[in-house]
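Fold and contact review
Here is what each chain is made of, one letter per residue.
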Amino acid sequence: MSPYRKSWLFVGWSMFLTFTFPIWLDILGEWFGIAGYVVGIAFLLSHGVVAICWFSCPRCRRSIFMRSGWINPHYNIIPKKTCDNCGRDLTEQTAEQA
């Protein structure tokens, strides 16, 4: 599976978690008290870090979610099809995955 497809599956999972956040956070809070709320919020926020660190270009290791900016680069929820740094097509499977 291509890095681009994997990143879109992760975006879908993250959106599912975001939309169901009030439900499962309330359940965690009832079961574990304040610790459940803290763990639930940390779990949701950690998905941003995972997206930046785990989904990267196989050639240059730049994040798929990173955009090149004029002054400063920024991150976006939409993954890129081509790497801004090296120009690799991220919709193709890598050699070790084929």
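Here goes a summary of the coordinates provided.

Here's the deal with the side chain of His47
You can see His47 is positioned in helix 3 (residues 34-54). Only 3.2 Å separates the side chain of His47 from the side chain of Trp13, close enough to count as a polar contact. Residues within four places of His47 in sequence aside, it is in contact with Phe10, Trp13, Ser14 and Leu17.

Structural notes on helix 3
In this model helix 3 runs 30 Å from its N-terminal to its C-terminal C-alpha over 21 residues, within 8% of the 30 Å that 1.5 Å per residue would give. The set of residues buried in helix 3 consists of Gly36, Gly40, Leu44, His47 and Ala51. On its buried face, helix 3 is in contact with helix 1 (3-19) and helix 2 (21-32).

Some thoughts on the packing of aromatic side chains
Going through the model one piece at a time under the given rule, you end up with 7 aromatic pairs. For the ring pair Trp31 and Phe32, a centre distance of 6.4 Å and an interplane angle of 85° mean the geometry is edge-to-face. For the pair Trp31 and Phe32, one class covers both residues: exposed. Look at Phe55 and Phe65: their rings are 6.3 Å apart centre to centre, the planes differ by 85°, and that puts the pair in the edge-to-face class. Of this pair, Phe55 sits in the loop between helix 3 and strand 1 (66-67) while Phe65 is found in the loop between helix 3 and strand 1, placing the two residues 10 residues apart along the sequence. The exposure class assigned to Phe55 is buried, which follows from its relative accessible area of 13%. Among the aromatic side chains, those forming a connected cluster through ring pairs are Phe10, Phe55 and Phe65.

Overview of the pattern of salt bridges
Tallying each qualifying case throughout the model produces 1 salt bridge. Between Asp84 and Lys80 there is a salt bridge; the shortest N-O distance is 3.1 Å. Judged by its relative accessible area of 32%, Asp84 falls in the partly exposed class. Look at Lys80 and you get partly exposed, because its relative accessible area is 21%.

What counts and what doesn't
Residues numbered from 1 in each chain as written. Predicted model: local features only at pLDDT ≥ 70, side-chain atom pairs only at ≥ 80, totals over all residues. Heavy atoms only, no water. Helix = DSSP H or I, 4+ residues; strand = E, 2+ residues; numbered from the N terminus. Polar contact = N/O pair within 3.5 Å; in protein donor to acceptor, adjacent residues only side chain to side chain. Contact = heavy atoms within 4.5 Å. Expected span 1.5 Å × (residues − 1). Buried < 20%, exposed > 50% of the residue type's maximum accessible area, 1.4 Å probe, protein only. Phe/Tyr/Trp six-rings, centres within 6.5 Å; stacked < 30°, edge-to-face > 60°. Salt bridge = Lys/Arg side-chain N within 4 Å of Asp/Glu carboxyl O.

None of this, on its own, says anything about what the molecule does.
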